[in-house]
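# Inside the fold
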Amino acid sequence: MFYEYAKKLHEDIKSGELLTRHDDYEKTINKIEDMKKSLMYNYFEDTNTRLTTGEITSECLTMVSAGLDNTPLNFKYGIHQLVNYHPEMWHTAYSELVEAYDGDVKRAYNECGSDMRCEYIKAIVQETLRLFTALPMALPRETTSNVIYQNVVIPKGTTLFMNCWAGNHDERKFPDPMTFRPERWLTTVVTESFQEKTVVDTTMRHFAFGIGCRMCLGNNFAIRELYVLFCKLILKFEPVPATGLVPTDNPLALNSYPESLAIEPVPFNIVLRLREHAGNGTPA
Ligand code: HEM
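So, how was this worked out
Residues numbered from 1 in each chain as written. Predicted model: local features only at pLDDT ≥ 70, side-chain atom pairs only at ≥ 80, totals over all residues. Helix = DSSP H or I, 4+ residues; strand = E, 2+ residues; numbered from the N terminus. Buried ≥ 20, exposed ≤ 12 C-beta atoms within 10 Å, placed from the backbone. Contact = placed C-beta atoms within 7 Å. Near = placed C-beta within 6 Å. Nonpolar A, V, L, I, M, F, W, Y, C, P; charged D, E, K, R; others polar. Domains from an automatic or database assignment. Axes fitted to C-alpha atoms, helices over the stretch in contact; angles between N-to-C directions. Parallel < 35°, antiparallel > 145°, perpendicular 65-115°, else oblique. Left-handed = near helix turned anticlockwise from the far one by under 90°. Core = buried A, V, L, I, M, F, W, Y, C linked by C-beta atoms within 7 Å. Expected span 1.5 Å × (residues − 1). Pairing = 2+ DSSP bridges.

## A short note on the overall build of the protein chain
Counting its regular elements, the protein chain contains 11 helices and 8 strands. Judged by the C-alpha coordinates and their principal axes, the protein chain covers about 65 × 65 × 45 Å. For the protein chain, buried positions account for 21% of its 284 residues. Considering only residue pairs separated by 6 or more positions, the protein chain has 68% of its internal contacts joining residues 24 or more positions apart.

Rendered as structure tokens:
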């Protein structure tokens, strides 16, 4: 079905048909230019450089499978922090998100994925990724030539691991590193209209996606996914304070499989209450 859809889209772009179907000419032209760079479009182009069906399938599988564990694991850890340790942050996130859409909860719910307006929730995402560090030693990499590092030769063919955990918990960069503190990502800027605005500090970096030319290819996508997941959950539910024993928030101590490459938190319970407005069709 997707094949037929993509084939028809390709035909409609080539014939100019797609352009006639939309009102906003400039927006459609830009979209078409983007589509022309896509793997799918070039698959239907009759050129020597096009990918094979096998390669396209592999790319699609990578896109689905590469984030299958890491994204939900981060989400699970973030919820644990917010519900079991910091419900006050959940409430702040709710107010700031709704305020960003002038109090319109339904709009916030429907549009959060396209414009990512709430800086506080973006900061929650960054802090979750940093503190949790789903792949603490990233992925193993093999050197393809001799590498000289600080007067030491690392021979070609050596398997290297990068200690992302150490970078993400370095107290020189992240004071009090084991504390969940989204505010550390926020800074104040002055806008063109001379208003002060709190935004995520784009000069700050963490290592949750690795670093360098082989860093996570899906990092922007994963950040958006986590942002939308947090927004929608926060808009629909409010946290109920935990009773009884709450598991630790230390990701390493929370890990079910210490021998594995990724950190997977042990099962734990949280209690959420459906917000009153969520029952009457708002948000959708
Ligand atoms: C929160 C979610 C995610 C985390 C924490 C994460 C983390 C990582 C890390 C640490 C690496 C290794 C980087 C290195 O060796 O320096 C990696 C590689 C990769 N990730 Fe992700 N990832 C996430 C989600 C995703 C998603 C959603 C996709 C695809 C849609 C994706 C696609 C990839 C690919 C293709 C690579 C291999 C890149 C290469 O070898 O050049 N990841 N990821």
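Resuming the write-up.
## Some thoughts on the site of the ligand
For the ligand, the set of nearby residues contains 23 residues, the closest of which are Ala66, Gly67, Gly210, Cys216 and Gly218. Listed by contribution, the elements that provide at least two residues to the shell around the ligand are α5 (53-65), α6 (70-85) and α11 (219-236). Broken down by element, the shell around the ligand gets its largest block of residues, 3 residues, from α6. Here the shell around the ligand is built from residues that sort into 14 nonpolar, 7 polar and 2 charged.

## So, unusual backbone geometry
Phi is positive for Ala138, which is not a glycine, with a value near 50°. Among the secondary structure elements, Ala138 is positioned in the loop between α9 (119-132) and β1 (141-142). Phi angles above zero are rare outside glycine, and Phe194 is one such case at about 60°. Overall, the presence of 6 C-beta atoms within 10 Å leaves Phe194 in the exposed class.

## Here we look at the domain arrangement of the protein chain
Structurally, the protein chain comprises domain 1 (2-63) and domain 2 (71-136 + 182-280). Each of domain 1 and domain 2 has a C-alpha centre, and the two are 33 Å apart.

## Notes on the environment of Gly67
Of note, Gly67 is situated in the loop between α5 and α6. In this structure Gly67 comes out as partly exposed when scored by C-beta crowding, with 19 C-beta atoms within 10 Å. Separated by 152 residues in sequence, Gly67 and Asn219 have C-alpha atoms that sit 9.2 Å apart. With near-sequence residues (within four places) excluded, Gly67 lies in contact with Gly218 and Ala222.

## Describing the packing of helix α7 (residues 87-100) against α11
For the pair α7 and α11, interaxial distance at closest approach is 10 Å and the crossing angle is 95°. Regarding the angle of α7 to α11, the classification is roughly perpendicular. Across the interface between the two elements, Trp90, Ala93, Tyr94 and Leu97 of α7 pack against Cys231, Ile234 and Leu235 of α11. The residue inventory of the contact of α7 with α11, partitioned by class, reads 7 nonpolar, no polar and no charged.

## Thoughts on the packing of helix α8 (residues 105-115) against α11
Where α8 contacts α11, the two axes come as close as 9 Å, and the packing angle between them is 165°. Our classification of the angle between α8 and α11 gives roughly antiparallel. Like other packed secondary-structure pairs, α8 and α11 cross with a definite hand, here left-handed. Together, Val105, Ala108, Tyr109, Cys112 and Gly113 of α8 and Arg224, Val228, Cys231, Lys232 and Leu235 of α11 make up the contact between the two elements.

## What about the nonpolar core?
Within the largest apolar cluster, 39 residues are counted, with the highest numbers of intra-cluster contacts made by Ala93, Leu97, Ile121, Ile124, Cys231 and Ile234. Those elements that place two or more of their residues in this core are α6, α7, α8, α9 and α11. Counting residues per element, this core draws most heavily on α9, at 8 residues. Filtering out sequence-adjacent residues up to four positions away, Leu97 remains in contact with Ala108, Cys118, Ile121, Cys231, Ile234 and Leu235.

## Observations concerning α11
Residues that lie three or four places apart on an α-helix share one face, since the helix turns once every 3.6 residues. Given a rise of 1.5 Å per residue, 18 residues ought to cover 26 Å, and the 26 Å separating the end C-alpha atoms of α11 matches this to within 8%. Those residues of α11 not exposed but buried are Ala222, Leu226, Phe230, Cys231, Ile234 and Leu235. Against α6, α7, α8 and α9 lie the buried residues of α11.

## Quick look at α5
The terminal C-alpha atoms of α5, which comprises 13 residues, lie 18 Å apart, in line with the 18 Å expected from a rise of 1.5 Å per residue. The buried count for α5 comes to 0 of 13 residues, which makes it a mostly uncovered element.

## So, the environment of Ser58
Within the secondary structure layout, Ser58 lies in helix α5. Sequence separation between Ser58 and Leu235 is 177 residues; the distance between their C-alpha atoms is 36 Å.

## Notes on the pairing of strand β5 (residues 186-190)
Sparse coverage of β5 is indicated by the burial of 0 of its 5 residues. Bridge count between β5 and strand β6 (residues 196-200): 5 bridges; the pairing is antiparallel. Along β6, the bridge assignment pairs Val190 with Glu196. Linking two consecutive strands that pair antiparallel, namely β5 and β6, is a turn of 5 residues; a positive phi of about 60° is found at Phe194 within it.

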